[in-house]
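Remarks on the overall topology
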Amino acid sequence: ELTFVIVNLNDLVQQCVAIMQQQANAERLIIRTSLPPSLPQIVADARSVRQIALNLLSNSIKFTGAGGQVIVSTAVTDDHEIVLRVRDTGAGMSEKELATALEPFSQLATSARWGSSGTGLGLPITKALSEANHARFRISSQVKDGTLVEVAFPATRVLAQ
């Protein structure tokens, strides 16, 4: 059951980064943020958007080796969408691995390689939660060149400045 309210995406993202900072420190990763102060608020379900951000941060931290970076940013697009981007310098995925990662209960070989485990629900749930919030979920990845995930909230969900 989603409850749509006015959400300050930057504040929510900063809270999620603060939650995940200790894990990033333990993995010897840097989390960088680029959150423009003028970002308009959105209409969304705060709890599920928080879960989206935490899942994306967790995955990026999990699949990025020591010395890597996770970059979290928000922006307004030319189409007046609000986009949340999480980019990492991690292992990345091939097209086939990407398709597998988006299937519920699937585990990638990279999970074993990086010594992580999970249910295989992170990305499928994140995609479903994005869509439930009327947002577009897009992921692009290159092996050994990291992953970029974008969650774009349409202009119809953005409050006027």
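Throughout, a residue's number is its position along its own chain's written sequence, starting from 1. Local features in a predicted model are, by the rule used here, given only for residues with pLDDT of at least 70; side-chain atom pairs are given and counted only at 80 or more, and totals for whole chains, interfaces and linings are based on all residues. Side-chain measures were taken over the full set of non-hydrogen atoms in the model, leaving aside hydrogen atoms and water.

Turning to the overall build of the protein, a few remarks are in order. Tallying secondary structure elements over the protein gives five helices and seven strands in all. The buried share of the protein, reckoned over its 161 residues, is 45%. Contacts between residues were defined by any pair of non-hydrogen atoms, one from each residue, lying within 4.5 Å. Put simply, 69% of the contacts in the protein that link residues at least 6 apart link residues at least 24 apart. Shrake-Rupley sampling with a 1.4 Å probe provides the accessible areas, and residues are treated as covered by the protein chains on show and by no other component. A total accessible area of about 8400 Å² is found for the protein, and carbon and sulfur atoms account for 52% of it. Only DSSP runs of H or I reaching four residues or more are called helices, and only runs of E reaching two or more are called strands; each is numbered from the N terminus. Between buried and exposed lies partly exposed: a residue is buried under 20% and exposed over 50% of the maximum accessible area for its type, with that area taken using a 1.4 Å probe on protein chains only.

Okay, the confidence of the model for the protein next. One confidence number per residue, pLDDT, is output by the predictor and ranges from 0 to 100. Per-residue pLDDT for the protein averages 90, and the proportion of residues at 70 or more is 89%. Under a pLDDT of 50 for its full length, residues 109–120 has, in the predicted model, 22 contacts with residues more than four places off or in other chains.

Here we take up unusual backbone geometry. Look at His80: it is not a glycine, yet its phi comes out positive at around 70°. Its place among the elements puts His80 in the loop between strand S4 (69–76) and strand S5 (82–88). Taking the relative accessible area as the measure of exposure, His80 reaches 54% and is therefore exposed. Of note in the backbone geometry, Lys144 takes a positive phi value of approximately 65° without being a glycine. We classify Lys144 as exposed; its relative accessible area is 75%.

So, about the nonpolar core. Residues grouped as a nonpolar core are buried Ala, Val, Leu, Ile, Met, Phe, Trp, Tyr and Cys residues, joined through side-chain atoms within 4.5 Å. Of all hydrophobic cores here, the largest spans 38 residues; its most connected members are Leu9, Ile42, Leu56, Val72, Val151 and Phe153. Ignoring sequence-local partners within four residues, the contact set of Val151 consists of Ile52, Leu56, Ile82, Val83, Leu84, Ser130, Ala135, Arg136 and Phe137.

Turning our eyes to something else, we now look at helix H5 (residues 122–132). Of the positions making up H5, those classed as buried are Leu123, Pro124, Thr126, Leu129 and Ser130. Of the residues trailing H5, His134 is marked for its positive phi of about 65°.

To pair, rings of Phe, Tyr and Trp, with the six-membered ring standing in for Trp, must have centres within 6.5 Å; the planes then decide the type, stacked if under 30 degrees apart, edge-to-face if over 60, and tilted in the middle. Inspection of every chain in the model, using the stated rule, returns zero aromatic pairs. The lysine or arginine in question, Arg157, covers the ring of Phe4, its NZ or CZ lying 4.7 Å from the ring centre. Here, a charge over a ring means that NZ of Lys or CZ of Arg falls within 6 Å of the ring centre while also lying within 35 degrees of the ring normal.

Right, let's get into the sheet that holds S4. Strands are treated as partners if at least two bridges between them are detected by DSSP. Read across the sheet, five strands follow the order S2-S4-S5-S7-S6 without closing on themselves; strand pairing throughout is mixed. Both outer strands of the open sheet, strand S2 (30–34) and strand S6 (136–141), are each paired with one neighbouring strand and no more. Going from strand to strand, the sheet's axes swing by 10° on average, the running direction of each strand aside. The sheet contact formed by S6 and strand S7 (residues 147–153) spans six bridges and is antiparallel. Across the sheet, the residue bridging to Ser140 is Leu148, located in S7. Only the stretch in contact is used when fitting a helix axis, every axis being a line fitted to C-alpha atoms; angles between N-to-C directions are given from 0 to 180 degrees.

With that settled, consider the environment of Ala132. If you trace the backbone, Ala132 turns up in helix H5. Ala132 gets classed as partly exposed once you look at its relative accessible area, which sits at 32%. When the C-alpha atoms of Ala132 and Ser48 are compared, they prove to be 8.8 Å apart, with 84 residues separating the residues in sequence. Sequence-distant contacts of Ala132, defined by excluding residues within four places in its chain, comprise Leu2 and Phe4.

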